[in-house]
Amino acid sequence: MKRHDIQQDPWKQAAGEAAAQLVENDMVIGLGTGSTANFLIQALARRIQAGLHIVGAIPSSETSKTLASNLGIPITTLDEHQEIDLCIDGADEIDPQLQLIKGGGGALLREKIVATASRRFVVIADESKLVERLGLHFPVPVEVIPFAATPVRRQLEALGASVQLRQHEGKVFISENHNLIFDCSFPQGISNPAELDAHMQQIVGVVETGLFLHMAQSAIVAGPTGVKTIS
Ligand code: 5RP
């Protein structure tokens, strides 16, 4: 699991608070996971306390669900609402085409399910997440069925990845879906994310990848010079 760099927190908070302003009455909202998404959840809770009415929020992890529900945000599910009006989530890297690497917090599968069920997906981040090319600084997390770990690892390596089994606090990290995460590094970066994603998705035993390609319509990015929207 990646470490939480608190130096970026003011910008994460600014991005989360700006995104909370996009929520309108009677919407179904998809909630992301991570420290930036936590700021969004707190800001959304404040708007709800001030009178905003949402149909419900569908969180992408148990952590986000617990935080949202403790703050009084009504929770719903994809069984009750198959169409989400707006999903807001963080990212580990954002390229100029708004292609993303996500999954630093290990929630990539549910995050992708929530994002793909959404009519609009807005990514929120501090500006350190903006990159010219995906993969130079952050590995691509790949969620894998434990039974298939060894053959999947070999096939990911054959695609050029340096593969690390994710650990957390000295133990193998298990996702909320009871799977493993392989963090796949590409020291030269990823020249063709769509091709890499297609190859990874073809490996039997891969459940999902942390490449979120052509899914985000806009990014709200904050830094010392302020908050900007990229679309
Ligand atoms: C979790 C994610 C997060 O959105 C991503 O890791 C960004 O996290 P943070 O906002 O803490 O920097 O994909 O699986």
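Residues numbered from 1 in each chain as written. Predicted model: local features only at pLDDT ≥ 70, side-chain atom pairs only at ≥ 80, totals over all residues.

(A) Looking closely at the sheet that holds strand β7 (residues 140-144). Read from one edge to the other, the open sheet built from 4 strands follows the order β8-β11-β7-β12, with strand pairing classed as antiparallel. The open sheet terminates on both sides in strands that have one partner only, identified here as β8 (162-165) and β12 (206-209). Taken pair by pair, the neighbouring strands of this sheet meet at an average axis angle of 30°, ignoring direction. By the bridge criterion, 5 bridges tie β7 to strand β11 (residues 180-185) in an arrangement that is antiparallel. Directly across from V144, in β11, lies its bridge partner L180. Each of β7 and β12 is contacted by helix α4 (residues 108-116), which is oriented at about 65° to β12, the strand it contacts most. (Pairing = 2+ DSSP bridges. Helix = DSSP H or I, 4+ residues; strand = E, 2+ residues; numbered from the N terminus. Axes fitted to C-alpha atoms, helices over the stretch in contact; angles between N-to-C directions. Contact = placed C-beta atoms within 7 Å.)

(B) Quick peek at the pairing of strand β3 (residues 86-89). Bridge count for strand β1 (residues 28-31) against β3 is 3 bridges, and the pairing is parallel. For G30, the partnering residue across the bridge sits in β3 and is C87. Direction of pairing for β3 relative to strand β6 (residues 121-126): parallel, over a ladder of 3 bridges. Bridge pairing links I88 to V122 in β6.

(C) Broad picture of the domain arrangement of the chain. Split by domain assignment, the chain resolves into domain 1 (7-127 + 213-224) and domain 2 (140-208). Inter-centroid distance (C-alpha atoms) of domain 1 to domain 2 is 24 Å. Here the side of domain 1 that touches domain 2 takes 4 residues from α4, the largest share from any one element. For the side of domain 1 that touches domain 2, the per-class residue count stands at 5 nonpolar, 4 polar and 3 charged. (Domains from an automatic or database assignment. Nonpolar A, V, L, I, M, F, W, Y, C, P; charged D, E, K, R; others polar.)

(D) Layout of helix α2 (residues 35-49). Its 15 residues place the ends of α2 21 Å apart at the C-alpha level, agreeing with the 21 Å of an ideal helix rising 1.5 Å per residue. Turning to α2, its buried residues number three or more, namely T36, A37, N38, F39, L40, I41, L44 and A45. Those residues of α2 hidden inside the fold are in contact with α1 (9-20), β1, α3 (62-70), β3 and β6. In the stretch just after α2, G51 is the one whose phi turns positive, near 125°. (Expected span 1.5 Å × (residues − 1). Buried ≥ 20, exposed ≤ 12 C-beta atoms within 10 Å, placed from the backbone.)

(E) Quick look at the pairing of strand β2 (residues 56-59). Inspection of the sheet shows β1 paired to β2 by 4 bridges, in the parallel sense. What sits directly across from I29, in β2, is A57. Taken together, β1, α2 and β2 form a β-α-β motif whose crossover is right-handed. (Right-handed = clockwise from strand over helix to strand, strands pointing away.)

(F) Region of interest: the site of the ligand. Around the ligand, the surrounding shell holds 19 residues, and the nearest of these are G34, T36, G90, G104 and G105. Mapped onto the shell around the ligand, the elements with two or more residues apiece are α2 and α4. Top element by residues in the shell around the ligand is α2. It accounts for 3 residues. Classifying every residue of the shell around the ligand gives 4 nonpolar, 10 polar and 5 charged. (Near = placed C-beta within 6 Å.)

(G) The arrangement of unusual backbone geometry in detail. Of note, E169 is a non-glycine position whose phi angle comes to about 50°, a positive value. Looking at the element boundaries, E169 is found in the loop between β9 (167-168) and β10 (171-172). Judged by C-beta crowding, with 6 C-beta atoms within 10 Å, E169 ranks as exposed.

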